Amino acid sequence: MALSALSACIMDDNLSGLRSSGSSFSKYYGGHYETCSPSSIKCKHLSSVGPLRTFHSTNSIYRSGIKCHSVTEKRFPYSAGKKFGLDNVIEAQQFDRDILNEIFKVACEMESIEKNSSGSKMLRGFLMATLFYEPSTRTRLSFESAMKRLGGEVLTTENAREFSSAAKGETLEDTIRTVEGYSDIIVMRHFESGAARRAASTATIPVINAGDGPGQHPTQALLDVYTIEREIGRLDGIRLGLVGDLANGRTVRSLAYLIAKYQDIKIYFVSPDVVKMKDDIKVYLTSQGVEWEESTDLLQVASKCDVIYQTRIQRERFGERIDLYEAARGKYIVDQRVLSVMPKHAVVMHPLPRLDEITVEVDADPRAAYFRQVKNGLYIRMAILKLLLLGW
Amino acid sequence: MALSALSACIMDDNLSGLRSSGSSFSKYYGGHYETCSPSSIKCKHLSSVGPLRTFHSTNSIYRSGIKCHSVTEKRFPYSAGKKFGLDNVIEAQQFDRDILNEIFKVACEMESIEKNSSGSKMLRGFLMATLFYEPSTRTRLSFESAMKRLGGEVLTTENAREFSSAAKGETLEDTIRTVEGYSDIIVMRHFESGAARRAASTATIPVINAGDGPGQHPTQALLDVYTIEREIGRLDGIRLGLVGDLANGRTVRSLAYLIAKYQDIKIYFVSPDVVKMKDDIKVYLTSQGVEWEESTDLLQVASKCDVIYQTRIQRERFGERIDLYEAARGKYIVDQRVLSVMPKHAVVMHPLPRLDEITVEVDADPRAAYFRQVKNGLYIRMAILKLLLLGW
Amino acid sequence: MALSALSACIMDDNLSGLRSSGSSFSKYYGGHYETCSPSSIKCKHLSSVGPLRTFHSTNSIYRSGIKCHSVTEKRFPYSAGKKFGLDNVIEAQQFDRDILNEIFKVACEMESIEKNSSGSKMLRGFLMATLFYEPSTRTRLSFESAMKRLGGEVLTTENAREFSSAAKGETLEDTIRTVEGYSDIIVMRHFESGAARRAASTATIPVINAGDGPGQHPTQALLDVYTIEREIGRLDGIRLGLVGDLANGRTVRSLAYLIAKYQDIKIYFVSPDVVKMKDDIKVYLTSQGVEWEESTDLLQVASKCDVIYQTRIQRERFGERIDLYEAARGKYIVDQRVLSVMPKHAVVMHPLPRLDEITVEVDADPRAAYFRQVKNGLYIRMAILKLLLLGW
């Protein structure tokens, strides 16, 4: 089986490059569903060139150390086939500095792949299921664009709650066992913290967490750090100003967590009192030897930082207290005055959507990086999809 | 026209195999919309190699006896081109034993096609419209995965009611005439029994019924019978236990209907009194010489059966009488005890989603066939799409 | 960069024709996002063969006079590469008689492209985003079918309001800057008149207006005029009867506007008093030297016209006054009697959906053109997509 699939793909290579390689790979991978235990699938690359080895399945999101390269290296010019350290992308804690740097290298390859035709067939024959238990059009389109830019196909659902509607009451685990039969990788958005991890421990195919409630949104965290590196040119020695809703902002918390992995970082927290950064992150930063301080003077912080990361004050967090919301949202605005004190090399970032916490006049300044940040999200997701489906 | 289309496709074959064959076929097929009457399209294969013959269109879902093979046989290795006995898939009554066996052969081909790359371009250039008047994410994803695994493309709508909203009041017939202009095959889910047949009698392209209200869901019936054959190795001489909601369960009714086409079948009905199997099916089974009996002892039935087909007690059927629902749902559970009396070769099936009528502990037992059953649904739908669009 | 992209595409041409040309083009186009100003992208064809020229960006929807042909002419047999006069399709006013005739030529090419395989790869590698702020399944499926028939891919959202939900309050401009990072062309449906123009003035990729509230729906207007030419064989000297809701019908107003560009046109308005054609159009027609008159005698008008364009009386316009609605909707019906007085060469058109303003008995008459009109919408949209993405 393995051989026939491979010869088929090699034959096809002569005609149209990588197209059917990806295809055959996916099919072959699919072929495992009946013939081996979930855990063995985690080593699909190996099994395509040798006898099938199964090992006990665990909830761990780290793959066994087995090398899986011989065939795929032939088939993919861009360092494909070497094992990727992760089977799933569930939370920022998975990533150490080395993996981050390697992911960013691939993301950078993706920028040039998007610019020429050769990359567009890399994932041909692979099928991604976007399983969204709550709609998030922005995130969904970013993942679907990433998959299609690489030649892959997509199955979409934004009303995944039907799978597990109160009326029917199917478990997430059963839903995952169903969807994994239809696809090669699952991108899941869920309203419950921890749902992505549960899905990953059930699934025999890779799972990417596209946000699980108040929990994690790891690809957002990756694209934020990637953007800092692309814009400033380094990640060590960064002066970072986090502005706005630091209490509820999932993105600023993850960013603080990830940037702490680098050397000589200084973080300034600038936020209204009602939405201050919580102690858990402060304690963590201190334990990592990251300097931080709180400030109420955005201009002074802006004059010292490489990156001003502005966030939206989320009205929904204030309930009836519209007065508190109005007070908070007006307090720290990034505008012409802030730009005027910022260093030439510094940038303004924002996870979007924005209201008026960054004035429209700022958009025209080359230091406004937030729309480039959106594009970096595409490259990061292209990289993650490639790495999970094909390896390095 | 026919010739140019064919030469185009042959030329293209030299480059990349079947891709553009499918494509040209679809286009040429599409080309008929203006130039011939709906009924003549039913013979698209013939018309692509000879002068166009039109014949009177009828509501019959059986195709005229004209052979349609000469070209396509060249173009498809897997027995393509011989006429397929059906133009549409509307209801279980369409299928006789011979057609079932032939469909299952193709479904089995699909398992290996999914495992290698060659099959993935079979339907390239074909466009499937999923026209869902009520959402059914599970069924929709299964059909869309089947189409994309074969290289076809999909147009999706889960809010087809807009086409015919009360406000606008368009007829189903008008909607079908619109959608058939955009696609090559229609997969329709509707809330009204008989809607699929109405659509098929209007459409000039194949229509697949993906469930019409309390009516039919023929591909579910096909995948159930296919799963029995794959799991037990035969369809004659089967001992089948139908458990749960037999009064309202569309799937058990269709399954009983189809399995009756085989020899030496014995069926056991195990259900709470409030949701007993209705007389119409009992009378039909008797008329077909199928032995059946009702039982209240699940363990005893389980010890004698090849297949235990469990179903969900549907709360929505009980209205205010939650007490009756609770009594019914707890009555017959497939658990470790049931497994312990089942023969080694026997299997447990379930159309899914399940609540607790099968306990999670059962999942680990190799006789738990319900997730393999899901995967068989993909192969059956791949087979049906291939047969309706390309013939045998 | 340009050269490597081009050589890549030429290399690929040897293997599989236009496929990757489109692909590389899209990628290369995408490649501009970082490296040049929005306005320069408007000249993407030029920039792919010469040094990048940027010029001041304006809200004008007319492209600079720079020729953009040298490379693409090689790559596309069907007159591709010559500059297309428009960057976006926003409103009927964009089209003069020459552009209309050229669009119709391409739409006619599309009919034959749909009939054979060669065209299906024309837009391979291009990604269209359907950004719908209100659902319109009919229009969405028509555009998505057009894109996929040409080998392009689609990102779909029917709940675009989430992008700019009241809760989040993102501006349309920010949404467009996000989506343009994921795709190569945007098809937008919006509830606000003028939204499409705002989107186009922000976007660095082409925008197509798929209807903006009471405003414009230019592709509907194009397909109506195209259908008249295809059915009657000419556009000069047409006798056109507009029937039904002329006050609120966006389509009849646009049609009257466009047909006025041709010679010797005579228009008859036949409508209930409550929904008469408004004066602005009457004044415009007179200023263009178009003869028009109002009539209450549908039979007499039908006996003199080449085209009877029937429209639906829109109940939603009558609020509480159901009595007025009922009176209006029953007044002018196209039925057997109307057919009996119509010339043999004349046709009945309707934008659909229809209720009973055209009786079902009319469908069987060869002069019933409304379902061919739907198909023409597909060809027009294929043409517009090809022209905006590849040029002539």
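Residues numbered from 1 in each chain as written. Chains lettered and ligands numbered in written order. Predicted model: local features only at pLDDT ≥ 70, side-chain atom pairs only at ≥ 80, totals over all residues. Heavy atoms only, no water.

**What to know about the overall build of chain A**
Stated formally: Helix numbering and strand numbering both begin at the N terminus, where a helix is a DSSP run of H or I of at least 4 residues and a strand a DSSP run of E of at least 2. Only protein chains enter the accessibility calculation, which uses a 1.4 Å probe. A residue is then buried if its area is under 20% of the maximum for its type, exposed if over 50%, and partly exposed in between. The contact criterion used is simple: two residues touch if any of their non-hydrogen atoms lie within 4.5 Å. Each accessible area is a Shrake-Rupley result for a 1.4 Å probe, and residues are judged covered by the shown protein chains and nothing else.
Tallying secondary structure elements over chain A gives 16 helices and 9 strands in all. Counting the 392 residues in chain A, one finds 65% classified as buried. The long-range fraction of contacts in chain A, counting pairs at least 24 apart against all pairs at least 6 apart in sequence, stands at 70%. If you sum the accessible surface of chain A, you get close to 13200 Å²; carbon and sulfur atoms cover 53% of it.

**As for the UniProt feature "domain: Aspartate/ornithine carbamoyltransferase Asp/Orn-binding" (unreviewed entry) in chain A**
Note the following rule: UniProt positions are given in the numbering used here, feature names are shortened, and annotations may be inferred rather than shown by experiment.
Residues annotated in UniProt with the feature "domain: Aspartate/ornithine carbamoyltransferase Asp/Orn-binding" (unreviewed entry) correspond here to residues 236-387 of chain A. The distance from the first to the last C-alpha atom of residues 236-387 of chain A is 25 Å, and the span holds 39% helix and 14% strand.

**Brief notes about helix H16 (residues 370-390) of chain B**
All names here are of chain B. Here is the rule we go by: The span you would expect from a helix comes to 1.5 Å times its residue count less one.
Relative to the 30 Å expected for 21 residues at 1.5 Å per residue, H16 spans 30 Å between its end C-alpha atoms, a close match to the ideal helical length. Counted residue by residue, H16 has 20 buried out of 21 residues, so it is predominantly covered. Of the residues one or two after H16, Gly391 is the one with positive phi, at around 80°.

**Observations concerning the sheet that holds strand S3 (residues 185-190) of chain B**
All names here are of chain B. Quick reminder of the rule: Strand pairing is assigned whenever DSSP detects at least two bridges linking the two strands. The convention used is that axes are lines fitted to C-alpha atoms, helices contributing only their stretch in contact, and that angles between N-to-C directions extend from 0 to 180 degrees.
Strand order in the open sheet formed by 4 strands is S2-S1-S3-S4, and the pairing between neighbours is parallel. Sheet topology places strand S2 (153-157) and strand S4 (207-212) at the edges, where each strand pairs with a single neighbour. Averaged over all pairs of adjacent strands, the angle between strand axes in this sheet comes to 15°, irrespective of strand direction. Looking at chain direction, S3 and S4 are connected through 4 bridges and run parallel. Residue pairing in the sheet places Val187 in a bridge with Ile208 of S4. Strands in contact with helix H8 (residues 172-179) are strand S1 (127-132) and S3; relative to S3, the strand with the most contacts, it is inclined by about 150°.

**Points about the packing of helix H7 (residues 137-149) of chain B against H16 of chain B**
All names here are of chain B. Defined as follows: Geometric relationships in this document are graded by angle, where less than 35 degrees denotes roughly parallel, more than 145 denotes roughly antiparallel, 65 to 115 denotes roughly perpendicular, and other angles denote oblique. Should the near helix be turned anticlockwise from the far one by less than a right angle, the crossing is left-handed, and should it be turned clockwise, the crossing is right-handed. Polarity classes work like this: nonpolar for Ala, Val, Leu, Ile, Met, Phe, Trp, Tyr, Cys and Pro, charged for Asp, Glu, Lys and Arg, and polar for all others, with Gly in that last group.
For the pair H7 and H16, interaxial distance at closest approach is 8 Å and the crossing angle is 60°. In terms of axis orientation, H7 runs oblique to H16. The chirality of how H7 crosses H16 is right-handed. Here Ser142, Phe143, Ser145, Ala146, Met147 and Arg149 of H7 come into contact with H16, specifically with Gly377, Leu378, Arg381, Met382, Leu385 and Leu389. Taken together, the residues of the contact of H7 with H16 sort by class into 7 nonpolar, 3 polar and 2 charged.

**Considerations on the side chain of Lys386 of chain B**
All names here are of chain B. Quick reminder of the rule: Asp and Glu count as negative and Lys and Arg as positive, but His and the ends of the chain are not part of the count. One speaks of a salt bridge when a side-chain nitrogen belonging to Lys or Arg is within 4 Å of a carboxyl oxygen belonging to Asp or Glu. Distance and chemistry together define a polar contact, namely a pair of N or O atoms within 3.5 Å, with one atom able to donate a hydrogen and the other to accept it when in protein, and with adjacent residues in sequence counting only for side-chain atoms on both sides.
Mapped onto the elements, Lys386 comes out in helix H16. One buried charge, Lys386, has no salt-bridge partner; the nearest side chain with opposite charge is Glu109, at 4.8 Å. For Lys386, the side chain forms a polar contact with the main-chain oxygen of Gly391, separated by 3.5 Å.

**Remarks on the sheet that holds strand S7 (residues 291-294) of chain C**
All names here are of chain C. Read across the open sheet, the 5 strands follow the order S7-S6-S5-S8-S9; overall the sheet is parallel. Here the strands that pair on one side only, and so sit at the sheet edges, are S7 and strand S9 (347-349). Averaged over all pairs of adjacent strands, the angle between strand axes in this sheet comes to 20°, irrespective of strand direction. Pairing of strand S6 (residues 266-270) with S7 involves 4 bridges; the strand directions are parallel. In the strand pairing of S7, Phe269 is matched with Glu294. Helix H11 (residues 250-259) rests against strand S5 (239-243), S6 and strand S8 (307-310) of the sheet, and its axis sits at about 165° to S5. Against the sheet, helix H12 (residues 279-287) makes contact with S6 and S7, and its axis sits at roughly 145° relative to S7, the strand it touches most.

**Quick notes on the pairing of strand S2 (residues 153-157) of chain C**
Residues and elements named next belong to chain C. Most of S2 sits out of view: 4 of its 5 residues are buried. Bridging between strand S1 (residues 127-132) and S2 involves 5 bridges; their strand directions are parallel. Paired with Leu131 across the strands is Thr157, a residue of S2.

**Some details on unusual backbone geometry**
Residues and elements named next belong to chain A. Between Leu352 and the following residue, Pro353, the backbone shows a cis peptide bond with an omega angle of 0°. Among the structural elements, Pro353 can be located in the loop between strand S9 (347-349) and helix H16 (370-390). Not every positive phi belongs to a glycine, and Leu352 is a case in point at roughly 60°. Mapped onto the elements, Leu352 comes out in the loop between S9 and H16. With a relative accessible area of 8%, Leu352 lands in the buried category.

**A few points about the environment of Leu141 of chain B**
Residue and element names in this part refer to chain B. Tracing the chain through its elements places Leu141 in helix H7. According to the relative accessible area criterion, Leu141 is buried, its value standing at 2%. Along the sequence, Leu141 and Tyr309 sit 168 residues apart, while their C-alpha atoms lie 23 Å from each other.

**As for the packing of aromatic side chains**
Note the cut-off: Here a pair means two rings of Phe, Tyr or Trp (six-membered ring of Trp) with centres within 6.5 Å. Their orientation is stacked below 30 degrees between planes, edge-to-face above 60, and tilted elsewhere. By the criterion adopted, a ring carries a charge over it if an Arg CZ or a Lys NZ lies within 6 Å of its centre and within 35 degrees of its normal.
Here the structure, examined in full by the defined rule, presents 18 aromatic pairs over all chains. Residues Tyr257 of chain B and Tyr284 of chain B carry aromatic rings whose centres are separated by 4.8 Å and whose planes lie at 15° to one another, so their mutual orientation is stacked. Of this pair, Tyr257 of chain B sits in helix H11 (residues 250-259) while Tyr284 of chain B is found in helix H12 (residues 279-287), placing the two residues 27 residues apart along the sequence. A ring pair is formed by Phe269 of chain B and Trp292 of chain B, whose centres lie 5.8 Å apart and whose planes are at 50°; its orientation type is tilted. On the criterion of sequence distance, the pair formed by Phe269 of chain B in strand S6 (residues 266-270) and Trp292 of chain B in strand S7 (residues 291-295) is long-range, its members being 23 residues apart. Looking at Phe269 of chain B, the relative accessible area reads 2%, which means it is buried. For Trp292 of chain B, a relative accessible area of 28% translates into the label partly exposed. One residue, Arg381 of chain A, lies across the ring of Phe143 of chain A, its end atom 4.9 Å from the ring centre.

**Structural notes on the pattern of salt bridges**
All told, the structure shown has 93 salt bridges over all chains when counted by the stated rule. Among the salt bridges present, the one from Asp184 of chain B reaches Arg149 of chain C, with a minimum N-O distance of 2.9 Å. With one member in each of two chains, Asp184 of chain B in the loop between H8 and S3 and Arg149 of chain C in helix H7 (residues 137-149) form a pair that bridges those chains. In terms of burial, Asp184 of chain B and Arg149 of chain C fall into one category: buried. Between Asp335 of chain B and Arg337 of chain B there is a salt bridge, with the nearest N and O atoms lying 3.9 Å from each other. On the accessibility criterion, Asp335 of chain B (15% relative accessible area) is buried. A residue is classified by how much of its surface remains accessible, and Arg337 of chain B, at 52% relative accessible area, is exposed. A single salt-bridge network, built from bridges that share partners, covers Glu114, Arg149 and Lys375 of chain A together with Asp184 of chain C.

**Some details on the packing of H8 of chain B against helix H9 (residues 195-202) of chain B**
Residue and element names in this part refer to chain B. Their axes nearest at 9 Å, the elements H8 and H9 cross at an angle of 50°. When the interaxial angle is binned, H8 and H9 end up oblique. In this structure, H8 crosses over H9, and the sense of that crossing is right-handed. Taking contact as the criterion, the partners of Leu172, Glu173, Ile176 and Arg177 in H8 are, on H9, Ala195, Arg198, Ala199 and Thr202.

**Observations regarding the confidence of the model for chain A**
What counts is decided by this rule: The predictor rates its confidence in each residue with pLDDT, a number between 0 and 100.
Predicted confidence across chain A gives a mean pLDDT of 79, with 77% of residues reaching 70 or more. A low-confidence stretch, residues 1-81 of chain A stays under pLDDT 50, and its non-local contacts, those more than four residues away or across chains, total 184 contacts.

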